[in-house]
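Residue-level listing of the chains:
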Amino acid sequence: MRFLRLPIIGHLIAAIALMISVSAARAESHIGWVGDLPVPANALIETNSAVNFDSPSGRVIQFTFMSDMTAEEVTDFYRMALAELGWQAGGGGFVRGDELMMITPLRGKSGASGKAYFLEVKPRD
């Protein structure tokens, strides 16, 4: 009996480790990136609307993306993804250090790829 327990425990530990690594890989596959900003993997970014520059008071990043996610799902995505990057809900969006990120649904702008959202990072006032 003693010899049976060790292999079973070893197999259980290996199975748990495999499930954890598969979950982590699955979570990462649902995220795309624009610089250091997460974007839902299914989002289509309008590159002609993108702005990225440094100003004397901090960086400014702006872009529009299309997604089939609802506004609530987009907010939930960013709440979870940004928390891991040090951002916190506040200021009407998300705050990290001296930066404010706002994600705004663009009313009346949608297409085959879903609804449009405007993402902006700017220095906090």
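Residues numbered from 1 in each chain as written. Predicted model: local features only at pLDDT ≥ 70, side-chain atom pairs only at ≥ 80, totals over all residues. Heavy atoms only, no water.

(A) Geometry of the packing of aromatic side chains. Inspection of the entire model under this criterion finds 4 aromatic pairs. Considering the side-chain rings of Phe 65 and Tyr 78, the 6.5 Å spacing of their centres and the 50° angle between planes classify their relative orientation as tilted. One end of the pair, Phe 65, is in strand E4 (residues 58-67); the other, Tyr 78, is in helix H2 (residues 71-83), with 13 residues separating them in the sequence. Residue Phe 65 shares its accessibility class with Tyr 78, and that shared class is buried. Ring geometry for Phe 65 and Tyr 117: centres 5.5 Å apart, planes at 25°, overall stacked. In this pair, Phe 65 sits in strand E4 while Tyr 117 sits in strand E8 (residues 114-123), placing the two residues 52 residues apart along the sequence. (Phe/Tyr/Trp six-rings, centres within 6.5 Å; stacked < 30°, edge-to-face > 60°. Helix = DSSP H or I, 4+ residues; strand = E, 2+ residues; numbered from the N terminus. Buried < 20%, exposed > 50% of the residue type's maximum accessible area, 1.4 Å probe, protein only.)

(B) Looking closely at H2. If you check H2, its first and last C-alpha atoms are 18 Å apart, about what 13 residues at 1.5 Å a residue would give, namely 18 Å. Within H2 the residues assigned to the buried category are Val 74, Phe 77, Tyr 78, Ala 81 and Leu 82. Relative to the axis of H2, the buried residues are bounded by an arc of 110° and lie together on one face. Residues Glu 72 and Met 80 are exposed on H2 and point more than 90 degrees away from its buried face. (Expected span 1.5 Å × (residues − 1). Arc of directions from axis to C-beta.)

(C) Local environment of the environment of Leu 37. Here Leu 37 shows up in strand E2 (residues 37-40). A C-alpha to C-alpha distance of 8.2 Å links Leu 37 and Leu 82, two positions 45 residues apart in sequence. When neighbours within four sequence positions are excluded, Leu 37 is seen to be in contact with Gly 32, Arg 59, Ile 61, Phe 63, Trp 87, Met 101, Leu 119 and Val 121. (Contact = heavy atoms within 4.5 Å.)

(D) Expanded view of the pairing of strand E3 (residues 44-55). Of the strand pairs in this sheet, E3 and E4 are connected by 8 bridges, and their pairing is antiparallel. Across the sheet, Asp 54 pairs through a bridge with Arg 59, a residue of E4. Between E3 and the antiparallel strand that follows it, E4, lie 2 residues. (Pairing = 2+ DSSP bridges.)

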